[in-house]
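Commentary on secondary and tertiary structure
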Amino acid sequence: MIKYARFVLENGLRVIVHQDKSTPVVAVNVLYDVGAKDEDPGKTGFAHLFEHLMFGGSVNIPSYDTPLQNAGGENNAFTNNDFTNYYLSIPLKNIETAFWLESDRMLDLAFSPKSLDVQRNVVIEEFRQRYLNQPYGDFWLMMRPHAYKKHPYQWSTIGKDISHITNATMDDVRTFYKKYYHPQNAILSIAGNVTEKDVRLLCDKWFNPIKKGDKYSRNIPKEPVQRKKRILEVERDVPFDMICKAYHMCSRMGKDYYATDLLSDILSGGSSSRLYNRLVKEKQLFSELDAYITGDIDEGLFVFSGKLMHGVDMEVAENAIQQEIDSIKKKKISEKEFKKVTNKVEASVEFSNISILNRALKLAISELLGDIELINTEAHKYKSVTAAEVQDMAKKILIEDNCSVMYYKAAGMNKIKR
Amino acid sequence: MINRKQQPELKKIESIDILEPETARLDNDIPVYLFNAGDIGITKLDFIFEAGSQFQLHPLNASYTNKMLTEGTLSYSSFDIAQKLDYYGAYINNMSSKDTAVVSLSVLNKHLKYVLPVLNEIINHPKFPENELKIHTQKDKQGFIDDCQKVNEVAVMNFNRQLFGSRHPYGTLITAEDFDKQQSEQLIAFHNERYTMEHCKIIASGKMSKDIVSQLNYFFGYTKKGREVTISKKPNAIISGPQKQFVEMPSSVQSAIRIGKISINKAHKDYMKLYILNMIFGGYFGSRLMKNIREDKGFTYGIYSVLLSFQQSAAFIIASEVGSDVCNKAIDEIYKELRILNSEMISLKELELVKKYMTGTLIRNFDGPFQIADRFKSVLEYGIDYKKHYSEFLQTINTVTPEKLMLISKEYLNAETMQELVVGKR
């Protein structure tokens, strides 16, 4: 049970406090409700580029990192398709520095053209390092637009194309900041040996004076129901073939979410899972094979993704996955197998609570999802799902017309000859 | 009105609580170190064996002995083990490095008693079935072949060889054929010799029940000494390879850079000072390498330097992946930074910043039983007194001067003595 207090400042900033008396450090997490899905299709990769710029100096503080390091703190940030998250941990004694830094960059940014220039280059190198210079690295860059035709999940957080990053201007940056980076659009979550009263005082001083900003309403196109199987085949200079099958599923708060997640666990959670034992070990068709859900806030994907053992035919591999899908639809899941996956979920919830930074983040995400109590009720929600409901999910989601498949074939000089 | 230009007053951190372990010995003399703390109902057990790759006769034997422990035992098949662990939501993490091999279990307290018998089988009665070994080596071989397409992975492999030389076990270069050559008998022999009580230490951490030691004793206190066979040989001396190397991968858009040299390990008297110097140079986000090569030039997504400590040696390594078009410029900048480090005194302001940052990091690193156990583990294999080591570390942070660091820089980080490797295009 994670205890917390929640309050809202006059300017709309939502604040969460979780007291843990055992730790000498405090975690400060600031989540902004803006992700790659909010980007203009002609200016993708912007939310992430912007995350980099948030370290380039704010209106009263020329450098973010140095004063934090001086206070013994450490920080980082990440961007996904749904939101942008900044987090730091700092010795409790110096907690006020965190409030000073985070409130100033919520107040106004003041980075230089040089900062924009450099961070553009850094992000381009990140693009190259993660997506272009790795075998299979461009896989999701192609899979997303294959699976999504309308919804902005069709591009990755890094962006559709390097040119979008190269072309980002100072004006774009300003507009983006004004629209998304204000108290009404943010959640501040604090975990450590602090009381609600401590945090209220600090908030009054540092965050309360920040102007409210204009609320905007999201208007994201819904992904239309897929009516027919889609097939995409590409050839790349990689050693082995790879296959990916993606099926549309419900949103993060959809009623089927937990049953769908457990379905992926039955198929692929741990070394005793079906796919690993039957297709990797017994039949030796894949060197690696996973089934997982993307877990996005809007309607997401249920994904199978595997690398084929060399000499195995793509068709044979796909049929084998299909057989496992057919099997879970036809045959009842045994009580023992089902109990195994729910036990595993219970343990993984406990493990994820070890880190204080993680508790602060989970609280912020629960708040973002509109139900902060999720942090405590989620384990129970998984437990309430029945084996029959999981089987129903397979019947509902894992159908051919709902599937986008990609054959990623080895070609060229690096292909291992049969 | 508040003054937003002014950083809130910083408080000095005088000391850090360094929790000492309770110690015990099992009936067969295996030492157990207990960090009973925190309030999360999880137990973590680390079994540390002197069974790293330096002791193996054939490449990958140490790694596969470690990895195959869970793939079939006297009483359980590989699937039985996986099923039992998954059923109780327990995680077993097997890791083997140059010096040690670790079997690490994380489990909810209420499930510990169901998992310990399985752990006993895994550690004391593995069978290394030939068919299971074949499955794993063949799929891992594909992963290895994939890795050989990545400039960074190729750089890691080749730079070890370049630093430690082909005759020393730290310099072993793996090939795809080594996966095919793994044999059950080799692994059984390695297990018989190295996974024995005299090569074992146990660290237990978390909020544990009082009888944890007697539980461990029941399952792990009965084993006898290993056979006194010496399949492992004394390692050869380190004879470093060429000063400069280039491995061409023509289709890459980034090149991996490694610049470094053999260095001193944790047991050396100058280690802490060198560690601090490395922090300034390339050890954190505000380091000189990051400031120059990422935050000023934008040549890379990341660059860092690290001091890797091993039982018999150590390495100082600068690592980055940079745009192939700016590879030579980046290398020039790295040497420029090294030469500055060798010739110009570090300012008090810069040193003060790093001192404060490192003190904060130490506090973070001693937060909770699992973190503390990791700190303890990281010095255990060097025969260092852990509490003394970290107290001295804090003291060194507080007292080290630019003058002392200059001497360290000249002695251990001389730009002209570095070895260099580029993988990719230049």
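Residues numbered from 1 in each chain as written. Chains lettered and ligands numbered in written order. Predicted model: local features only at pLDDT ≥ 70, side-chain atom pairs only at ≥ 80, totals over all residues.

Let's talk about the confidence of the model for chain B
Residue-level pLDDT values for chain B average 95, and 98% of them are 70 or greater. With pTM at 0.95, the complex prediction returns an ipTM value of 0.93. (pLDDT = per-residue confidence, 0-100.)

Structural notes on the pairing of strand S4 (residues 91-96) of chain B
Residue and element names in this part refer to chain B. Relative to strand S5 (residues 101-108), S4 runs antiparallel, the two being bridged by 6 bridges. Residue pairing for S5: serine 96 is matched across the bridge by alanine 101. Hairpin geometry of S4 and S5 is characterised by an intervening segment of 4 residues between the two adjacent antiparallel strands. (Pairing = 2+ DSSP bridges. Helix = DSSP H or I, 4+ residues; strand = E, 2+ residues; numbered from the N terminus.)

So, unusual backbone geometry
For glutamine 284 of chain A, which is not glycine, the phi torsion reads 50° and is therefore positive. Along the chain, glutamine 284 of chain A turns up in the loop between helix H10 (274-282) and strand S9 (286-293).

Focus on helix H3 (residues 95-107) of chain A
Given 3.6 residues to a turn, an α-helix orients residues that are three or four positions apart in the same direction. All names here are of chain A. Relative to the 18 Å expected for 13 residues at 1.5 Å per residue, H3 spans 19 Å between its end C-alpha atoms, a close match to the ideal helical length. The element H3 is extensively covered by neighbouring structure, given that 12 of its 13 residues are classed as buried. Listed as buried for H3 are Ile95, Thr97, Ala98, Phe99, Trp100, Leu101, Glu102, Ser103, Asp104, Arg105, Met106 and Leu107. Elements that come into contact with the buried residues of H3 comprise strand S3 (25-32), helix H2 (65-70), strand S5 (84-91), strand S6 (186-192) and helix H8 (196-206). (Expected span 1.5 Å × (residues − 1). Buried ≥ 20, exposed ≤ 12 C-beta atoms within 10 Å, placed from the backbone. Contact = placed C-beta atoms within 7 Å.)

Quick word on the nonpolar core
Residues Val28, Ala360 and Ala364 of chain A together with Ile257 and Ala330 of chain B are the most contacted members of the largest nonpolar core, which totals 122 residues. In terms of nonpolar packing, the next biggest core, distinct from the first, is built from 55 residues, Phe55, Leu85, Leu105 and Val118 of chain B among them. (Core = buried A, V, L, I, M, F, W, Y, C linked by C-beta atoms within 7 Å.)

Describing the interface of chain B and chain A
Contact with chain B, which involves 55 residues of that partner, is made by 62 residues of chain A. Among the elements of the structure, helix H2 (78-87), S5, helix H4 (130-147), strand S9 (300-309), strand S10 (314-323) and helix H12 (348-365) of chain B are those that each provide at least two residues to the side of chain B that touches chain A. At 8 residues, H12 of chain B tops the list of elements feeding residues into the side of chain B that touches chain A. Here the side of chain B that touches chain A is built from residues that sort into 21 nonpolar, 19 polar and 15 charged. (Nonpolar A, V, L, I, M, F, W, Y, C, P; charged D, E, K, R; others polar.)

Quick notes on the domain arrangement of chain B
Residue and element names in this part refer to chain B. If you check the domain split of chain B, you get domain 1 (22-220) and domain 2 (244-424). For domain 1 and domain 2, the distance between their C-alpha centres works out to 29 Å. Listed per partner, the contact involves 25 residues of domain 1 and 30 residues of domain 2. Taken together, the elements giving at least two residues each to the side of domain 1 that touches domain 2 come down to strand S2 (31-36), strand S3 (42-49), helix H5 (151-164) and strand S6 (200-206). (Domains from an automatic or database assignment.)

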